[in-house]
Amino acid sequence: MAAAFVQSKSFSGGAVSATTIPVTFTNNVAAGNLIVVFVGTLSTSDSGNITSITDSLGNTYVLIQSVNDTSNVAVGAVYYAKNIAGGACTVTANLFLSLNFRYIIVHEVSGLDTTTPLDVNAAQKLISPGTGADAVTSGAATTTVDGDYIFGAMVITTFSASPVITAGTTYTLRENVVISSPQAANSEDRVQATAGSVAATFTTD
């Protein structure tokens, strides 16, 4: 079965503080699929604050990578749960302490390997002046399997005005959740037909 996007959902807690970041998929998730999570905060209280990801179906989440931007006091992290149980699903990020400006984005994906779904990953912190059109990239990674599902995500921590976010070429923008305007978190995806070098990219303007 080929990899395919199923559904996505996002949540922002705004200025309200809490020890969790919950989001509920609109539709039931299907058994055997994969959930990928992009999560973090812009809180000035603490930047290394995500302790775990859990969900209402008891799936197990594994950290892929996190990027901690201490200069802007923000953290973004990507997790996944493989070969999931099916049903109504609320995904929750659990925090070290009560924080505001929390965000979470979740994607459900079908057709992935139920044992070892992760091929490669890349991430980096980019500092941008936030004026004009700015390119954002994860940095390149080289996939080894044809038909990989490529997930990309970014969080804007500083910007002079509310930006217009454009997905990278061949990517589809899935979620754009405002954390505290103009700060926002975004996700995109694509299926890479042929293995090789790839990077997740966005443009902010």
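> Explain the overall build of the protein chain to me, and be specific about the residues and the numbers.
The helix and strand inventory of the protein chain stands at zero helices and 16 strands. Residue burial in the protein chain is summarised as follows: out of 205 residues, 46% are buried. Sequence separation of 24 or more characterises 76% of the internal contacts of the protein chain that already satisfy a separation of 6 or more. Roughly 9,100 Å² of accessible area belongs to the protein chain as shown, and the carbon and sulfur atoms make up 52% of that amount.

> Break down the sheet that holds strand β14 (residues 183-192) for me, with residues and values.
Here three strands make up an open sheet; going across it, the order is β11-β14-β13 and the pairing antiparallel. Every other strand in the sheet has two partners, leaving β11 (148-156) and β13 (172-180) as the edge strands with one partner each. Each strand of the sheet is rotated relative to its neighbour by a mean of 15°, with strand direction disregarded. Where β13 meets β14, seven bridges bridge the pair, whose relative direction is antiparallel. Its bridge partner lying in β14, Glu175 is registered against Ser187.

> Residues and numbers for the pattern of salt bridges, please.
All chains considered together, the criterion is met by one salt bridge. Residue Arg174 pairs with Asp189 through a salt bridge whose shortest N-O separation is 2.8 Å. Of the two residues, Arg174 is situated in strand β13 and Asp189 in strand β14; the sequence distance between them amounts to 15 residues.

> Describe the packing of aromatic side chains, listing the residues and the values that go with them.
This structure, assessed with the given rule, holds one aromatic pair. Residues Phe38 and Tyr103 carry aromatic rings whose centres are separated by 5.4 Å and whose planes lie at 50° to one another, so their mutual orientation is tilted. With Phe38 in strand β3 (residues 34-41) and Tyr103 in strand β8 (residues 102-110), this residue pair connects regions lying 65 residues apart in the sequence. Per residue, the accessibility class of Phe38 equals that of Tyr103, and both read buried. One cation-aromatic arrangement involves Arg174 over Phe5; the distance from NZ or CZ to the ring centre is 3.6 Å.

> Could you give an account of the pairing of strand β7 (residues 90-99), naming the residues involved and the relevant values?
Direction of pairing for strand β2 (residues 18-24) relative to β7: antiparallel, over a ladder of six bridges. Paired with Val23 across the bridge in β7 is Val91. Two strands pair when backbone bridges link them, and strand β4 (residues 50-55) and β7 are joined in this way by five bridges, in the antiparallel orientation. In the sheet register, Ile53 faces β7, and the bridge partner there is Ala93.

> Can you break down the environment of Val39 residue by residue, with the values?
With respect to the secondary-structure elements, Val39 resides in strand β3. Separated by 114 residues in the primary sequence, Val39 and Ala153 place their C-alpha atoms 9.6 Å from one another. Contacts of Val39, omitting those with residues within four sequence positions, involve Ile21, Ile50, Ile53, Val75, Gly76, Ala77, Tyr79, Ala93, Tyr103 and Ile104.

> Explain unusual backbone geometry to me, using residue names and the numbers behind them.
With phi around 45°, Asn83 is a residue other than glycine that occupies positive phi space. Mapped onto the fold, Asn83 is located in the loop between β6 (74-81) and β7. The backbone of Phe101 sits at a positive phi, close to 50°, despite the residue not being glycine.

> Please give an account of the nonpolar core that cites residues and values.
One finds Ile35, Val37, Val39, Ile53, Val91 and Ile104 to be the most contacted residues of the largest nonpolar core, which totals 22 residues. Listed by contribution, the elements that provide at least two residues to this core are β2, β3, β4, β6, β7 and β8. Of all hydrophobic cores here, the second largest spans 15 residues; its members include Ala3, Phe38, Tyr80 and Val109.

> Account for the sheet that holds β7, naming residues and giving values.
Strand order in this open sheet of three strands is β2-β7-β4, and the pairing throughout is antiparallel. At either margin of the open sheet sits one strand with a lone partner, and together these are β2 and β4. Ignoring strand direction, the axes of neighbouring strands in this sheet form an average angle of 20°.

So, how was this worked out
- Residues numbered from 1 in each chain as written.
- Predicted model: local features only at pLDDT ≥ 70, side-chain atom pairs only at ≥ 80, totals over all residues.
- Heavy atoms only, no water.
- Helix = DSSP H or I, 4+ residues; strand = E, 2+ residues; numbered from the N terminus.
- Buried < 20%, exposed > 50% of the residue type's maximum accessible area, 1.4 Å probe, protein only.
- Contact = heavy atoms within 4.5 Å.
- Areas by Shrake-Rupley, 256 points an atom, 1.4 Å probe, with all protein chains shown as cover.
- Pairing = 2+ DSSP bridges.
- Axes fitted to C-alpha atoms, helices over the stretch in contact; angles between N-to-C directions.
- Salt bridge = Lys/Arg side-chain N within 4 Å of Asp/Glu carboxyl O.
- Phe/Tyr/Trp six-rings, centres within 6.5 Å; stacked < 30°, edge-to-face > 60°.
- Lys NZ or Arg CZ within 6 Å of the ring centre and 35° of its normal.
- Core = buried A, V, L, I, M, F, W, Y, C linked by side-chain atoms within 4.5 Å.

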